[in-house]
Amino acid sequence: MSANYKIDFWFEFASTYSYLSAGRIEQLCAQKGIRANWKPFLLGPIFKEQGMEDSPFNLFPAKGKYMWKDLERRCEKYDLPFERPDKFPQNGLKAARIAVAFSGSEWVREFTRKVYIAEFSRNKDIGETETLSEILKELGQNPDTIFEKSESQENKSALRENTETASSLGIFGAPSFIVRGELFWGDDRLEDALEFLTRT
């Protein structure tokens, strides 16, 4: 299949269901010869536009209770490790800045997956520099160099632009997938998005 077939994968580090998609999108895309563009953004500003100051899973306890059980089941289904974190949602700002600053680097997708694993299976606080530094060292990266670039004003602006672009595309939650201008929302729509891409 042509490499022109691509899917934009919009993810938020605080998002539970983005964890599922990050853990399986590459394998699914490889099976179909599709290229995935990983697009980090921040849900906080988008939620505020919707009048929410917190995750809907916290605002609506019944929905939150269901989500954690659903996430546990789906992690088991996809053979992904899971342990409910003590803190939710977590602050993914620093991780998102790193993902934006080094979006063209080979190691950044593995960094993204490791951040999710730290958050949702090791009960680590991904808002802490120490947690991210540990992951970067595991990947053979120099944390000081990475943080210097990711915390630059230019890169902070790049992440804001990503978030504004997501909003302009009609994205209201994560994960979201854009294929041929169509929006698919939620990990359970990943296969649908890939099917839509290959049949249109």
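This one's a predicted model, so the numbers in the text were calculated from it and none came from an experiment.

Conventions used here
- Residues numbered from 1 in each chain as written.
- Predicted model: local features only at pLDDT ≥ 70, side-chain atom pairs only at ≥ 80, totals over all residues.
- Heavy atoms only, no water.
- Axes fitted to C-alpha atoms, helices over the stretch in contact; angles between N-to-C directions.
- Helix = DSSP H or I, 4+ residues; strand = E, 2+ residues; numbered from the N terminus.
- Parallel < 35°, antiparallel > 145°, perpendicular 65-115°, else oblique.
- Contact = heavy atoms within 4.5 Å.
- Nonpolar A, V, L, I, M, F, W, Y, C, P; charged D, E, K, R; others polar.
- UniProt positions renumbered as here; feature names shortened; annotations may be inferred.
- Polar contact = N/O pair within 3.5 Å; in protein donor to acceptor, adjacent residues only side chain to side chain.
- Buried < 20%, exposed > 50% of the residue type's maximum accessible area, 1.4 Å probe, protein only.
- Left-handed = near helix turned anticlockwise from the far one by under 90°.
- Pairing = 2+ DSSP bridges.
- Right-handed = clockwise from strand over helix to strand, strands pointing away.
- Core = buried A, V, L, I, M, F, W, Y, C linked by side-chain atoms within 4.5 Å.

### Quick word on the packing of helix α5 (residues 93–101) against helix α9 (residues 153–168)
When two helices pack together, their arrangement is given by the angle between the helix axes and by the axis-to-axis distance. Running from N to C, α5 and α9 point in directions that differ by 95°, and their axes come no closer than 9 Å. As judged from the angle between their axes, α5 and α9 are roughly perpendicular. In this structure, α5 contributes Leu 93, Ala 96, Arg 97, Val 100 and Ala 101 to the contact, and α9 contributes Asn 155, Lys 156, Ala 158, Leu 159 and Asn 162. In terms of residue class, the contact of α5 with α9 is made up of six nonpolar, two polar and two charged.

### Digging into the UniProt feature "active site" (unreviewed entry) in the protein chain
Per the UniProt record, the feature "active site" (unreviewed entry) sits at Ser 15. Inspection of the secondary structure assignment puts Ser 15 in the loop between β1 (6–11) and α1 (16–32). Beyond its immediate sequence surroundings of up to four residues, Ser 15 is in contact with Tyr 116, Phe 120, Ala 174 and Pro 175. Only 2.9 Å separates the side chain of Ser 15 from the side chain of Ser 18, close enough to count as a polar contact.

### Some remarks on the environment of Glu 130
Here Glu 130 lies in helix α7 (residues 129–138). Given the relative accessible area of 66%, Glu 130 is considered exposed. In the structure, Glu 130 is positioned 83 residues away from Phe 47 in sequence and 28 Å away in space, judged by C-alpha atoms.

### Overview of the packing of α7 against helix α8 (residues 143–150)
Between α7 and α8, whose axes approach to 9 Å, the crossing angle comes to 120°. Classed by the angle they form, the pair α7 and α8 counts as oblique. The way α7 lies across α8 gives a crossing that is right-handed. Note on element contacts: α8 touches α7 through Pro 143, Ile 146 and Phe 147, opposite Thr 129, Leu 132, Ser 133, Leu 136 and Lys 137. Across the contact of α7 with α8, the residue classes tally to five nonpolar, two polar and one charged.

### A few points about the side chain of Ser 133
Topologically, Ser 133 is positioned in helix α7. Those residues in contact with Ser 133 that lie beyond four places of it in its chain are Pro 143 and Phe 147.

### Quick look at the pairing of strand β2 (residues 35–40)
Two faces belong to every sheet, and in a regular strand the side chains alternate between them. Here β2 shows one buried face, formed by Ala 36, Trp 38 and Pro 40, and one open face, formed by Arg 35, Asn 37 and Lys 39. Bridging between β1 and β2 involves six bridges; their strand directions are parallel. Bridged to Asp 8 within β2 is Asn 37. Taking the sense of rotation as the criterion, the β-α-β connection linking β1, α1 and β2 turns out right-handed.

### As for the nonpolar core
By size, the foremost hydrophobic cluster in this structure holds 50 residues, and its most contacted members are Ile 7, Phe 13, Ile 98 and Phe 111. Sort the elements by how many residues they give to this core and α1 lands first, with seven residues. Beyond its immediate chain neighbours, meaning those up to four positions away, Phe 13 contacts Gly 92, Ala 95, Ala 96, Ala 99, Thr 112, Val 115, Tyr 116, Glu 119, Phe 120 and Ile 126. Among the nonpolar cores identified, the runner-up in size contains 10 residues, and Trp 10, Phe 47, Met 52 and Ile 171 belong to it.

### As for the sheet that holds β2
Pairing is mixed in the open sheet, where four strands are placed in the order β2-β1-β3-β4. Lying at the two open borders of the sheet, with one neighbouring strand each, are β2 and β4 (182–185). Averaged over all neighbouring strand pairs, the angle between strand axes comes to 25°, with direction disregarded. Pairing analysis gives three bridges linking β1 to strand β3 (residues 176–179), with the strands arranged antiparallel. Its bridge partner being in β3, Trp 10 is matched across the sheet by Ser 176. Taken strand by strand, helix α6 (residues 108–121) contacts β1 and β2, and its axis lies near 55° from that of β2.

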